Amino acid sequence: MKARRSLPVAAAQMAVLLATLAAALLLLLLPPVATAPAQEDMTTLAPEALAPHSRPAASFVHDTHNEKARIEDCGVCHHGTTEDGRRDPAAPSSEGTPCADCHAADNGSRGKGTPLERAYHRQCMGCHKQQAKGPTACGGCHAKA
Amino acid sequence: MSATEFSGIAERRIEDANLIRGVAALTRERIERVVKAVTKGEAGARLAVYHETCMRCGMCADACHYCLSHGGDPTYSPVGKMEQTMWKLLRTGGKVDPDDIYGMAQIAYTECNLCRRCVHYCPVGIDTGYVMSMVRRICHRLGVVPLYIQDTAHSHSGTMNQMWVKDDEWIDSLVWQEDEARGEIPSLRIPFDKEGADFLYSVIAPEPKFRTQLIYQAAVIFDQAGVDWTMPSSPGWDNSDMCMFTGDYEMMGRLKRCHFEMAQKLKVKRIVMGECGHAFRSVYDVGNRWLGWKFHPVPIVHSVEFFWELLTEGKIKLARKFDEPVTIHDPCNIIRGRGLMDKLREVTHALCSNVVEMSPTREHNLCCCAGGGVINCGPPFKGVRLAGNKAKADQLAATGVHTVVAPCHNCHGGLEDIIHHYKLGMHTKFLGDLIYDCMEKPGAA
Amino acid sequence: MQQLYNFAVGPLAWVAWAVFLGGSAWRIASMWALARKKDMNAVAYMDVRFAARSMARWATPFATLGWRANPAVTVATFSFHTALVLLLLFAPGHAVLWDYAFGVNVWSLPEGIADVLTVLVILLCGFFAWRRLQLPTVRYVTRPMDWLVLALVAVPVATAFLAKQQIGDNLLMSTLHVLSGEATLMALPFTRLSHALFSPFTRAYMGSEFGGVRHCPDW
Ligand code: HEM
Ligand code: SF4
Ligand code: SF4
C-alpha cells in the first residue's frame, strides 16, 4: 500500500466546494436585472446618453416631486451657467435643454465639467441630503419596477 | 459529532517522574508570572503576531506525522497543539492550573519534533517550531521538564557534555580509537589541539559514549583524504545541545560559546561537525542567535557537505560502490535547516549504485519523530514516537528497500525504533559508514 | 432611517476610514517597534528578495505543498479573497460613492459580474462555516474570534446582496450594509482580520529565514 499522507476529509471538502462554486456560476445564466427605461410622462430618469443602463431607471415623477418638495423655481434643478460653463444661480434657467447637452456622458474624458452621471447623483442626492428629505441609497431611486 | 469528542492531551497523559514532581511544586500565581515573563518579557512581536494571525484554517494538519499517524486526530495537528498550549496560555494570560502545565509540557516535549515540516503547509507563515520552543521555555522556567532530557541538560551543565563523559574519558576514547585505527592504517593519528588546523572536528557526546567506531571511521576518512584536521582535548568538544531543547537557553548559550571559543582558540579555519542534526541546529541556527551572532564566528560545515567536498575534490577515491538498493532519509535539521538535500543526493549517488527516493522526499520529507529532543525524553515516551510515526513506517515500507541512508544520529535512533516496531526489516546507515566501506585506503597496512 | 443612512455614508464613513487607516498604521508601527526591540534575532534576517520570492510562491494557487495538499481550501480562499478585494474596490455602488464624494471616476465591475462575485463570497463564507462545523481539524481549533471575523465578512456582503437585488426593505438593507461594512473596516486592525496587515510580514520573515539561513524553499 502506498503511504497515506492525506487526511480523509479532502474528498468531502472538495465536493462541498464544487457545489458552492456551481451554485455561484448558475447565477451567470440568469437574465440581467437592468430593465429598459420607461419614458412616458416623465416618471423616470434614464437618459439615453447613459445607455446601456446598468441599474433600474431612477424613478422621478416630475410634478409630484416638485409639489412635494415645494420647488417652484425651475432653475433650482435646470440651473443656468456662466459663460465658461460653471453653475450660476443668477443666470437664466435652462429648462428645455437636456442635461446631456452640457454634461458629457463619457465620464472623465473631458478635463472640465461635471460628467452626466455625477451631475445627476450630486443634484439629487446632494439636495436630498441638504434637505434631509428624500432617498440617498441606491435602491431608493433606482427601484425595480 | 460534538465539540468535546477530542479531549486531547488529557486523555493520553503519560507518567514521568520529573513532570509529576515539577507540577506538584507549581502554584497558579507562579505560572501566571512565568508565562508573562516569557511571552511579554522574552518574546515580543513574533509570538504575538503568530497568535493573532493564525487563521485556524487547519491547513497544517496534513503536514504533521503525528496527525497523519493518528488518522487526522485534530489534537495532534500543528495548530491543534498550539491551541492546547501557547494559544491557550496567551488567551488566558497564563491563568491556568498546574495540571494544565503537565499536558502542555507533554505536548511540547514529546508530541512535536520542531521539524518544521508544517512550514510548507501554512499560508500565513506561522512557525510552529518556534511557538513550541517558547512553550518549552515556559516549562523549563517552571521546572516542568521530562526526567530523561532534564538529566542530559544537567549533564551539560555539570560536564559541558551531554553524557556525563569525564575529561579523561574523552581523551581516553580518542586515544583508544587512534590505537584501533592504527591497526588498519599504521600511520594514522588523531591530532589533538593542533593550532591553525584547517578544521576542528566536533562530535556529540554519544559518539565517545556508545558509538566510538564512528570516531574511528571519521579518523580513517580524514587521514586517508590527507586533510589538516584536529580534535579538541578539553570541554567544548561536544557540539550537542539538549539545553536548546529543554528551553534552558542560558545553558545553551554557555555550551555554544564554549564550542565556538574552542575553535577560535585553536585558530582553525572551520568547524566540521559529525553526522548529527540537532547539534548542527544548535550551532548553526539557534545558539549563535542567542549569543548575538547573526551568523557564525567560525564557519560551520556539516559532514554531508564536507564529504561532498572530499568526493568532488577527489580527495577520497572509491574502490567500489554499495550495490544494494538504498533510500535517503532527509534529516530536518540539515535539510529544512540548511538546504543540504542536493549535496546529500550527490554523495549518496556517488556511493550507491541504486538509490530509491522516498515519497515525499527532500525538504518535504516526513520527520523521524526522534528529533527535537523527543527521543531524549526517554523510555516513558517511546510509545509516543512509535504510534506517532506510523506514517513514516508506511513511507519507508513503500520504498521496498532494506537500507536507509540517514546522516543524523537522532534519525538513526528514531528510524531504528520504528523499523523494529513495524517489522520493516530495514537498517540505517551513516554516510561515514558507506564511505569507510567503499573508499580506497592507500595507507592501509 | 434615511437620516441614519445619510449619517452612515457621511460622517461615519470618515470615522470608519480614519479608524481603519489610523488603527492599521498604529498596529503596524507599534508591532514593528516591538519586533525591533524584542525580536532582532529574527528581524536581522529580513531580506526583500527572499521575502518577495516566498510571497510570489504563496500568492500562486497550487504552487506550494500546503496549497496542493488542500485543493478545496486553495480554490476557496483564492476566489474568496480575490472576489472580496475586487468588490471592495470596484463594486459599482462603491464607485458611485467615490464619484459622488470626491469626483473621482474609478473603474467599476460590470453589474452582472459584481452580482456573481457577491453571491460567490456569500457561498464561500458558507463553505468556511461548514468546514468550521464539520471538519474535526478545523472545528477543534475554532474559537469565537473565528466566527466573528467570518461574520464581519458575511454580514456586509449578504446585506449588499439584499440591497442590490432589492429584497426586503431596501433602505434598511442599505443602511445595514453600510453600517456593517464600516464595522468591518474599523474592526480590521483589531481582530483576526488583522491578518491582512500582518500576514505579509509573517510570510516575508518565513521567506527570509528559509531563503537566507536555511537555504531551503518554504513552500
Ligand atoms: C490582503 C491581504 C490578505 C491576505 C494575505 C490574506 C490571507 C489569508 C489567509 C492565508 C487565510 C487562511 C486561509 C483560509 O482559511 O482561507 C485567510 C483567511 C481569511 N481571510 Fe484573509 N487575507 C487578506 C485579506 C483579507 C481581508 C481584507 C479580509 C476581510 C475583510 C479577509 C478575510 C478572511 C477571512 C474571514 C478568513 C477566514 C476564513 C475561514 O474562516 O477559514 N482577508 N486570509
Ligand atoms: S498554523 Fe497556519 S495552516 Fe495552521 S491553522 Fe494556523 S494559519 Fe492555518
Ligand atoms: S512535529 Fe514537525 S510537523 Fe509536527 S507540529 Fe512539530 S514541527 Fe510541525
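(A) Representation of the overall build of chain B in the model. For chain B, the count of helices and strands is 21 helices and 8 strands. Taken over C-alpha atoms, the radius of gyration comes to 22 Å for chain B, in line with the 22 Å a tight globule of 445 residues would show. Split into buried and exposed, the 445 residues of chain B put 67% on the buried side. Per element, the accessible surface of chain B, about 14,500 Å² overall, is 52% carbon and sulfur.

(B) Layout of the site of ligand 2. Around ligand 2, 13 residues are found, and the nearest of them are Cys54(B), Met55(B), Cys57(B), Cys60(B) and Cys122(B). Looking at the shell around ligand 2 residue by residue, the class counts come to 11 nonpolar, 1 polar and 1 charged.

(C) Geometry of the side chain of Asn410(B). Residue and element names in this part refer to chain B. Among the secondary structure elements, asparagine 410 is positioned in helix H20 (residues 409–421). Using a relative accessible area of 9% as the deciding quantity, one classes asparagine 410 as buried. Ignoring sequence-local partners within four residues, the contact set of asparagine 410 consists of His278, Cys368, Ala370, Gly371, Ile375 and Asn376.

(D) The coordination of the iron atom of ligand 1, seen in detail. Residue and element names in this part refer to chain C. Around the iron atom of ligand 1, the protein contributes the donor atoms His81 (NE2) and His195 (NE2), which lie 1.9 Å from the metal centre. Angles of 87 to 179° at the metal separate the 6 donor atoms of the iron atom of ligand 1, which places the site in the octahedral class. Residue histidine 81 is located in helix H6 (residues 71–90), and its partner histidine 195 is located in helix H12 (residues 195–212); the two are separated by 114 residues in the primary sequence. In this structure histidine 81 comes out as partly exposed when scored by relative accessible area, which is 35%. Assessed through its relative accessible area of 15%, histidine 195 is described here as buried.

(E) View of the packing of helix H3 (residues 45–53) of chain B against helix H2 (residues 11–38) of chain C. Relative orientation of the contacting elements H3(B) and H2(C) amounts to 135°, with a least axis distance of 8 Å. Relative to H2(C), the element H3(B) lies oblique. Between H3(B) and H2(C), the contacting residues are Ala45(B), Ala48(B), Val49(B) and Glu52(B) on the first element and Arg27(C), Met31(C), Leu34(C) and Ala35(C) on the second.

(F) Fine view of the interface of chain C and chain B. Every contact between the two is made by 50 residues of chain C and, on the other side, 62 residues of chain B. Between chain C and chain B, a total of about 4,600 Å² is buried, with carbon and sulfur atoms accounting for 59% of that surface. Remark: the boundary between chain C and chain B carries 4 salt bridges. The shortest N-O distance in the salt bridge between Arg27(C) and Glu52(B) comes to 2.6 Å. For the pair chain C and chain B, the interface holds 31 residue pairs in polar contact (both at pLDDT 80 or more). Contributing elements (two or more residues each) for the side of chain C that touches chain B: H2, helix H3 (40–43), helix H5 (65–69), helix H8 (111–134), helix H9 (136–139) and H12 of chain C. If one sorts the elements of the side of chain C that touches chain B by residue count, H12(C) sits on top with 10 residues. When its residues are assigned to classes, the side of chain C that touches chain B shows 24 nonpolar, 12 polar and 14 charged.

(G) Region of interest: the site of ligand 3. Near ligand 3 you find Cys64(B), His65(B), Pro78(B), Lys81(B), Cys112(B), Asn113(B), Leu114(B), Cys115(B), Arg116(B), Arg117(B), Cys118(B) and Thr128(B), and these make up its full shell. Residue composition of the shell around ligand 3, by class: 6 nonpolar, 3 polar and 3 charged.

(H) Representation of the packing of H8(C) against helix H10 (residues 144–164) of chain C in the model. Residue and element names in this part refer to chain C. Following both chains from N to C, one finds H8 and H10 inclined at 150°, their axes separated by 10 Å at the closest point. Taken together, the axis directions place H8 and H10 in an arrangement best described as roughly antiparallel. At the point where H8 passes H10, the crossing takes the left-handed sense. Facing Glu111, Asp115, Thr118, Val119, Val121, Ile122, Cys125, Phe128, Ala129, Arg132 and Leu133 of H8, the residues of H10 in contact are Asp146, Trp147, Leu150, Val153, Ala154, Val157, Ala158, Phe161 and Lys164.

(I) Examining the pattern of salt bridges more closely. Per the counting criterion, the structure on display carries 44 salt bridges over all chains. Here Arg118(A) ties to Asp99(C) by a salt bridge, and the two come within 2.9 Å at their closest N and O atoms. With Arg118(A) in helix H4 (residues 116–130) and Asp99(C) in helix H7 (residues 92–102), the pair connects residues from two separate chains. Classification of Asp99(C) as buried rests on a relative accessible area of 3%. Here Arg91(B) makes a salt bridge to Glu83(B), at a shortest N to O gap of 2.9 Å. The exposure class of Arg91(B) is partly exposed, given its relative accessible area of 38%. Its relative accessible area of 5% is what places Glu83(B) among the buried residues. One network of salt bridges, in which partners are shared, links Arg55(A), Glu111(C), Asp115(C) and Lys164(C).

(J) Inspection of the packing of aromatic side chains at higher detail. All names here are of chain B. One pass over the structure, following the stated rule, counts 25 aromatic pairs over all chains. Measuring from ring centre to ring centre gives 5.7 Å for phenylalanine 222 and phenylalanine 306, while their planes differ by 80°; the resulting arrangement is edge-to-face. With a gap of 84 residues between them, phenylalanine 222 in helix H11 (residues 212–225) and phenylalanine 306 in helix H15 (residues 303–312) connect regions that are remote in the sequence. When sorted by exposure, phenylalanine 222 lands in the same class as phenylalanine 306, which is buried.

(K) Just the sheet that holds strand S7 (residues 403–405) of chain B, in detail. Residue and element names in this part refer to chain B. Read from one edge of the open sheet, 4 strands run S6-S5-S7-S8, paired in parallel fashion. Strand pairing shows two members of the sheet lacking a second neighbour, strand S6 (355–356) and strand S8 (427–429), which therefore form its edges. The sheet contact formed by S7 and S8 spans 3 bridges and is parallel. Directly across from valine 405, in S8, lies its bridge partner lysine 429. Against the sheet, H20 touches S7 and S8, its axis set at about 165° to S8.

(L) The arrangement of helix H13 (residues 249–265) of chain B in detail. Between its first and last C-alpha, H13(B) extends 24 Å over 17 residues, near the 24 Å set by a 1.5 Å rise per residue. Among all positions of H13(B), only Tyr249(B), Met251(B), Met252(B), Gly253(B), Leu255(B), Lys256(B), His259(B), Phe260(B), Met262(B) and Ala263(B) are buried.

(M) View of the state of the cysteines. Inspection of the entire model under this criterion finds 0 disulfides over all chains. Looking at Cys77(A), it has no disulfide partner, and the nearest cysteine sulfur is the one in Cys127(A), 6.8 Å off. With relative accessibility at 28%, the residue Cys77(A) sits in the partly exposed group. This cysteine, Cys368(B), is not joined by any disulfide, and Cys411(B) carries the nearest cysteine sulfur, 3.9 Å off. On the basis of relative accessible area, Cys368(B) is assigned to the buried category, the value being 4%.

(N) Representation of a nonpolar patch on the surface. Residue and element names in this part refer to chain C. A surface patch of nonpolar side chains, about 690 Å² in accessible area, is lined by Trp14, Trp17, Leu21, Trp98, Phe102, Val104 and Val106. Every element with two or more residues in the nonpolar patch is listed here: H2 and H7. Sorting elements by how many residues they give to the nonpolar patch places H2 first, with 3 residues. Relative to the helices and strands, phenylalanine 102 resides in helix H7.

Parameters at a glance
One numbering rule holds for all chains: residues counted from 1, following each sequence as written. Numbering of ligands from 1 and lettering of chains from A proceed in the order in which they are written. The predicted origin of the model limits local features to residues at a pLDDT of at least 70 and limits the giving and counting of side-chain atom pairs to 80 or more, whereas totals for whole chains, interfaces and linings rest on all residues. To get the side-chain values, all heavy atoms of the structure are used, and hydrogens and water are removed first. Secondary structure elements follow DSSP: runs of H or I of four or more residues count as helices, runs of E of two or more count as strands, with numbering from the N terminus. Radius of gyration means the value over C-alpha atoms here, while the globule rule gives 2.2 Å times the residue count to the 0.38 power. Burial classes: relative accessible area under 20% of the type maximum marks a residue as buried, over 50% as exposed, and values in between as partly exposed (1.4 Å probe, protein chains only). For accessible areas, the Shrake-Rupley method is used with a probe of radius 1.4 Å. Any residue's cover is judged against the shown protein chains and nothing else. When we say a residue is near a molecule or strand, we mean one of its heavy atoms is within 4 Å of it. Each residue gets one of three labels, nonpolar for Ala, Val, Leu, Ile, Met, Phe, Trp, Tyr, Cys and Pro, charged for Asp, Glu, Lys and Arg, and polar for the others, Gly among them. Contacts: residue pairs with any heavy atoms within 4.5 Å of one another. For Na, K and Ca the donor cutoff is 3.2 Å, while for all other metals N, O and S atoms must lie within 2.8 Å; water is not among the atoms, so some sites may look incomplete. Geometry is assigned from donor-metal-donor angles: four donors are tetrahedral when every angle falls between 85 and 135 degrees, four are square planar and six octahedral when opposite donors sit over 155 degrees apart with all other angles between 65 and 115, and any other arrangement is irregular. For helices, the fitted axis covers only the stretch in contact; all axes are lines through C-alpha atoms, and the angles between them, taken along N-to-C directions, range from 0 to 180 degrees. For this classification, under 35 degrees means roughly parallel, over 145 means roughly antiparallel, 65 to 115 means roughly perpendicular, and everything else is oblique. Buried surface area refers to the total accessible area, computed with a probe of radius 1.4 Å, that the two partners give up upon joining, counted for both partners together. Note on definitions: salt bridges are taken to be side-chain nitrogens of Lys or Arg within 4 Å of carboxyl oxygens of Asp or Glu. A 3.5 Å cut-off defines polar contacts: any pair of N or O atoms within that distance qualifies, except that in protein one atom must be a possible hydrogen donor and the other a possible acceptor, and neighbouring residues in sequence count only when both atoms are side-chain atoms. Helix crossings fall into two classes, left-handed where the near helix is turned counterclockwise from the far one by less than a right angle and right-handed where it is turned clockwise. Each Phe, Tyr or Trp ring (for Trp, its six-membered ring) is paired with any other whose centre lies within 6.5 Å, and the angle between the two planes then decides the class: stacked below 30 degrees, edge-to-face above 60, tilted in between. Any two strands between which DSSP finds at least two bridges are classified as paired. Here a helix's expected span is defined as the number of its residues, less one, multiplied by 1.5 Å. Here, a disulfide means two cysteine sulfur atoms that sit within 2.5 Å of each other. Surface patches are defined over residues having more than 30% relative accessible area and no salt bridge, joining like charges when they lie within 9 Å and nonpolar side chains (Val, Leu, Ile, Met, Phe, Trp, Tyr) when within 5 Å.

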